Amino acid sequence: MPDLSTITCIEDLRRIARRRVPRMFYDYADSGSYTESTYRANEADFQRILLRQRVAVNLEGRSTRSTMLGEPVAMPVALAPTGLTGMQHADGEILAARAAKAFGVPFTLSTMSICSLEDVAEHTGRHPFWFQLYVMRDRDFIERLIERARAANCSALVLTLDLQILGQRHKDIKNGLSTPPKPTLANLLNLATKPRWCLGMLGTRRRSFGNIVGHAKGVGDMRSLASWTAEQFDPRLNWADVEWIKKRWGGKLVLKGIMDAEDARLAAQSGADALIVSNHGGRQLDGAPSSIQALPAIADAVGQRIEVWMDGGIRSGQDVLKARALGARGTLIGRSFLYGLGAFGEAGVRRALEIIQKELDITMAFCGRTQIDQVDHSILLPGTYPTP
């Protein structure tokens, strides 16, 4: 195993991933829509929130352990669903799921993953994980996908509500990221500088969308997948569909993409078990508020009726602590674990989790708390954080 002791922050992993992952796939993960203002705000707004340092407090017996959906977690952090994870590193979803299992946090598989539901279940010993669902026009396919998630021992369904249509990401267009990717001269030259990544991809059979190819009607290869995905995201998605999916699934349901207090109240009324305050990592509506800015009003609107989580911009344990202080029962990380995956595979994901947990523990102690469940807005300096 590589010695990653000198990797001390998520930024270290990001820099290494940028060198090792082909540009089109690195940029796919590390970009936002249009001007990227919301993408940047997700990180920047965390930095404006200041912490209250406390002293002369007994700091023995500290613990970051908590629960999400009633499941015990080593810290209130889950790996978020991210598309094309298996293009950051060969077999990426399998490696990330194994790292999450070993660390004791949930892993969420995306509908648009490279490794399939069955792949992840097989390579994690059927350890429970979560599955993120996009609503497609082909409802028969969605029904089969839900049944496959059940058969794979998924313990929760994460329904994404903010991708009825796609926001434009300029870098993807400029890099020729498509299905299948365009073999431009620039892309081929860039691939030639990534021998480690290329060898990994040559060594795996998983190079297409494993949940879709061979499962959706008429989709047998990457070319047929392109036309299928172009017409399948359903702009008609509404709360009646949420109710239909909840009944069809019958298990724990999480609604992702909530950025407005009124939508949060509707999410609570739907009977879902949790909602995720999320602007899709700044990849959809550019000019929207950051997730941490939107969090307090949403937490205030729904109270204890539904678990409130958030994602977007979390790059440290301090960010997790601040989100917890502002009402998030749990958090999800996307880019932070993708950087680790792209840099060092499974070991890199594990290192990302170690970095976040250590910083969460130490910062919590400096704020005079020993248990994560004791954390609330009183650890923050008044006037520096958003309020409802």
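Scroll up for the structure.
Values in this document were obtained by computation on a predicted structure and should not be read as measured data. (Residues numbered from 1 in each chain as written. Predicted model: local features only at pLDDT ≥ 70, side-chain atom pairs only at ≥ 80, totals over all residues. Heavy atoms only, no water.)

Undergrad: Quick question: what am I supposed to make of the overall build of the protein here?
TA: In terms of helices and strands, the protein carries 16 helices and 10 strands. The C-alpha radius of gyration computed for the protein amounts to 20 Å, which stays within 12% of the reference 21 Å derived for 388 residues, consistent with globular compactness. Dimensions of the protein, computed from the C-alpha atoms along their principal axes, are close to 65 × 50 × 40 Å. Sorting the 388 residues of the protein into buried and exposed places 58% on the buried side. Within the protein, contacts between residues separated by at least 24 positions form 75% of all contacts whose residues are at least 6 apart in sequence. In the form shown here, the protein has an accessible surface area of approximately 16,100 Å², with 52% of it arising from carbon and sulfur atoms. (Helix = DSSP H or I, 4+ residues; strand = E, 2+ residues; numbered from the N terminus. Rg over C-alpha atoms; globule rule 2.2 N^0.38 Å. Buried < 20%, exposed > 50% of the residue type's maximum accessible area, 1.4 Å probe, protein only. Contact = heavy atoms within 4.5 Å. Areas by Shrake-Rupley, 256 points an atom, 1.4 Å probe, with all protein chains shown as cover.)

Undergrad: I would appreciate a short explanation of the packing of aromatic side chains in the present structure.
TA: Pairs of aromatic rings are described using the distance from one ring centre to the other and the angle between the two planes. Tallying each qualifying case throughout the model produces five aromatic pairs. Each ring, one from F25 and one from W197, has its centre 5.7 Å from the other, and the planes form 25 degrees; the classification is stacked. Linking F25 in helix 2 (residues 23–29) with W197 in helix 9 (residues 195–202), this pair joins segments that are 172 residues apart in sequence. The buried category is assigned to F25, whose relative accessible area is 7%. Geometrically, the ring pair formed by W130 and W309 is stacked, given 5.3 Å between the ring centres and 10 degrees between the ring planes. Taken together, the residues span a long stretch of sequence, with W130 in strand 5 (residues 129–133) and W309 in strand 9 (residues 307–311) at a distance of 179 residues. Across the pair, exposure class does not vary: W130 and W309 are buried alike. The ring of Y28 carries the charged tip of R283 above its face, separated from the ring centre by 4.6 Å. (Phe/Tyr/Trp six-rings, centres within 6.5 Å; stacked < 30°, edge-to-face > 60°. Lys NZ or Arg CZ within 6 Å of the ring centre and 35° of its normal.)

Undergrad: How should the sheet that holds strand 7 (residues 252–258) be read in this particular structure?
TA: The pairing of strands in a sheet happens through backbone hydrogen bonds and is either parallel or antiparallel. Strand order in the open sheet formed by eight strands is 3-10-9-8-7-6-5-4, with parallel pairing between adjacent strands. The open sheet terminates on both sides in strands that have one partner only, identified here as strand 3 (77–79) and strand 4 (108–109). Both strand 9 and strand 10 (residues 330–333) contribute to a ladder of three bridges, which runs parallel. The residue of strand 10 that forms the bridge with D311 is L332. Helix 13 (residues 291–302) rests against strand 7, strand 8 (274–277) and strand 9 of the sheet, and its axis sits at about 175 degrees to strand 9. (Pairing = 2+ DSSP bridges. Axes fitted to C-alpha atoms, helices over the stretch in contact; angles between N-to-C directions.)

Undergrad: Just to check I follow, could you spell out the pattern of salt bridges for this structure?
TA: Side chains that differ in charge, positive against negative, can pair when their charged atoms come close. Across all of its chains, the model carries 23 salt bridges by this definition. The shortest N-O distance in the salt bridge between R14 and E11 comes to 2.8 Å. One end of the pair, R14, and the other, E11, are both in helix 1 (residues 10–20), three residues apart, so they sit about a helical turn from each other. Ionic pairing is found between R150 and E147, a salt bridge with its closest N-O pair at 2.9 Å. In this pair, R150 and E147 both sit in helix 6 (residues 139–151), three residues apart, roughly one turn of the helix. According to the relative accessible area criterion, R150 is partly exposed, its value standing at 36%. For E147, a relative accessible area of 33% corresponds to the partly exposed category. Through salt bridges with shared partners, a single ionic network connects E11, D12, R14 and R15. (Salt bridge = Lys/Arg side-chain N within 4 Å of Asp/Glu carboxyl O.)

Undergrad: How should I be thinking about unusual backbone geometry in this particular structure?
TA: Excluding glycine, residues mostly have negative phi values, and the peptide bonds linking residues are mostly trans. For D91, which is not glycine, the phi torsion reads 60 degrees and is therefore positive. Within the element layout of this structure, D91 appears in the loop between strand 3 and helix 4 (92–103). Residue D91 is classed as buried on the basis of its relative accessible area, which comes to 18%. The phi angle at H280 is positive, at roughly 60 degrees, despite the residue not being glycine.

Undergrad: Quick question: what am I supposed to make of helix 3 (residues 37–47) here?
TA: Because each turn of an α-helix spans 3.6 residues, side chains separated by three or four positions end up pointing in the same direction. For helix 3, the complete set of buried residues consists of T38, Y39, A41, N42, D45 and F46. Buried positions in helix 3, seen along its axis, are confined to an arc of 165 degrees and lie on one side of it. In this structure, the buried residues of helix 3 make contact with helix 13, strand 9, helix 14 (317–325) and helix 15 (335–344). (Arc of directions from axis to C-beta.)

Undergrad: Explanation requested: the side chain of H280 in the structure shown.
TA: In this fold, H280 is placed in the loop between strand 8 and helix 13. Owing to a relative accessible area of 12%, H280 belongs among the buried residues under this scheme. For H280, the side chain forms a polar contact with the side chain of D162, separated by 3.0 Å. If we ignore the near neighbours within four places in the chain, the residues touching H280 are Y134, T160, D162, L163, R169 and K256. (Polar contact = N/O pair within 3.5 Å; in protein donor to acceptor, adjacent residues only side chain to side chain.)

Undergrad: How should I be thinking about the side chain of Q88 in this particular structure?
TA: Tracing the chain through its elements places Q88 in the loop between strand 3 and helix 4. Residue Q88 is classed as buried on the basis of its relative accessible area of 5%. Beyond its immediate chain neighbours, meaning those up to four positions away, Q88 contacts V21, F25, Y26, A29, W197, L338, L341 and G342.

Undergrad: Please explain helix 12 (residues 261–269) as it appears in this structure.
TA: Considered for burial, the residues of helix 12 that qualify are A264, A267 and A268. In a view along the axis of helix 12, the buried residues occupy a sector of 100 degrees, so they form one face of it. With a side-chain oxygen lying 2.8 Å from the backbone nitrogen of E262, the N-terminal cap of helix 12 falls on D260. At the exit of helix 12 stands G271, carrying a positive phi of roughly 90 degrees.

Undergrad: Where do I start with the pairing of strand 7 in this structure?
TA: Both faces of the sheet carry side chains from a regular strand, because those side chains alternate between them. Buried residues dominate strand 7, accounting for six of its seven residues. Of the strand pairs in this sheet, strand 6 (residues 154–160) and strand 7 are connected by five bridges, and their pairing is parallel. For L157, the partnering residue across the bridge sits in strand 7 and is L253. As paired strands, strand 7 and strand 8 are joined by four bridges and run parallel to one another. Bridge assignment links I258 to a residue of strand 8, and that residue is V277. Crossover handedness for the path strand 7 to helix 12 to strand 8: right-handed. (Right-handed = clockwise from strand over helix to strand, strands pointing away.)

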